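Here is what each chain is made of, one letter per residue.
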Amino acid sequence: LPSRPRHCAAMPDAAIAHLLEQNPHLKFILLLRDPIARTWSDIRMSLRQPENAGVTPQEMWTSWPVREPDNYCETLDKWRRHCGPDNIFISFLDIIAARPFVLLQKLCHFLEIPFDGGYFPRARAVVHGDSQPVNLPTDLYNVMRDHYREVILQLAAEFPDPCAQWAKEHFG
């Protein structure tokens with residue numbers, strides 16, 4: 001099943017419906033990330049590829065399908081047309097970082113399996129804790145901020161934790 005936002009968005013409605021027809025109890029887990037941070041991460045990873053030597057982040061933004069499709073709200077609407085609350089779990093990478101055991105408890109409940117913190121001994125480990133932050137160029141950040149404004153504000157209205165924090169960080 002899809003593992004990237006654009007793959008979830010690109011999955012045809014008929015495919016989602018077919019999966020649920022074959023197994024009505026199938027469960028989908030969607031973990032979302034601040035779309036600006038996700039896009040910047042995709043750009044940075046792509047720029048590391050030898051074929052992109054000499055390409056600037058701004059060129060990557062305008063020429064590569066890093067942002068297509070990028071409307072989380074449309075993607076969520078599509079999946080919700082087919083999935084009831086028993087079939088879809090929506091959460092955020094921010095929650096994994098901030099409250100991993102809370103997320104794991106909710107996820108286990110959704111999957112109808114018992115939660116035992118002992119099953120997750122590495123859940124307390126810091127992920128990417130030693131990574132140096134890579135600054136997003138201001139001009140590109142402003143373009144991304146304008147591009148994703150409506151999506152982030154819509155997500156913040158539905159998912160205050162953590163999307164309202166994204167909105168506050170990006171728009172004040």
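Our subject is the structure that appears above.
Quick caveat: nothing in here was measured; it's all calculated off a predicted structure.

Moving on, we come to the packing of aromatic side chains. The tally for this structure, following the rule as stated, stands at eight aromatic pairs. The interplanar angle of 80° and the centroid separation of 5.7 Å between the aromatic rings of Phe92 and Trp166 together place this pair among those described as edge-to-face. Of the two residues, Phe92 is situated in strand β2 (residues 88-92) and Trp166 in helix α9 (residues 160-171); the sequence distance between them amounts to 74 residues. Each of the two residues, Phe92 as well as Trp166, counts as buried. An aromatic cluster is defined as three or more aromatic residues linked by ring pairs; in this entry it consists of Phe101, Phe115, Tyr119 and Phe120. When the ring centre of Phe110 is taken as origin, the NZ or CZ atom of Lys27, which lies over that ring, is 4.6 Å away.

What follows concerns α9. Regarding α9, the residues found buried are Pro162, Cys163, Trp166, Ala167 and His170. Along the axis of α9, the buried residues cluster in a sector spanning 155°; they form a single face. Looking at α9, the residues exposed on the side facing more than 90 degrees away from the buried face are Pro160, Lys168 and Glu169. For α9, the secondary structure elements touched by its buried residues are α3 (35-47), β2, α6 (93-98) and α8 (138-158). Gly172 sits one or two positions beyond α9 and adopts a positive phi of about 85°.

We now examine the pairing of β2. Most of β2 is tucked away, with five of its five residues classed as buried. Neither face of β2 is open: one carries Ile88, Ile90 and Phe92, the other Phe89 and Ser91, and all of them are buried. As paired elements, strand β1 (residues 28-32) and β2 share five bridges and run parallel to each other. When the sheet's bridge partners are listed, Leu30 is paired in β2 with Ile90.

How each quantity is defined
- Residues numbered from 1 in each chain as written.
- Predicted model: local features only at pLDDT ≥ 70, side-chain atom pairs only at ≥ 80, totals over all residues.
- Heavy atoms only, no water.
- Phe/Tyr/Trp six-rings, centres within 6.5 Å; stacked < 30°, edge-to-face > 60°.
- Helix = DSSP H or I, 4+ residues; strand = E, 2+ residues; numbered from the N terminus.
- Buried < 20%, exposed > 50% of the residue type's maximum accessible area, 1.4 Å probe, protein only.
- Lys NZ or Arg CZ within 6 Å of the ring centre and 35° of its normal.
- Arc of directions from axis to C-beta.
- Contact = heavy atoms within 4.5 Å.
- Pairing = 2+ DSSP bridges.

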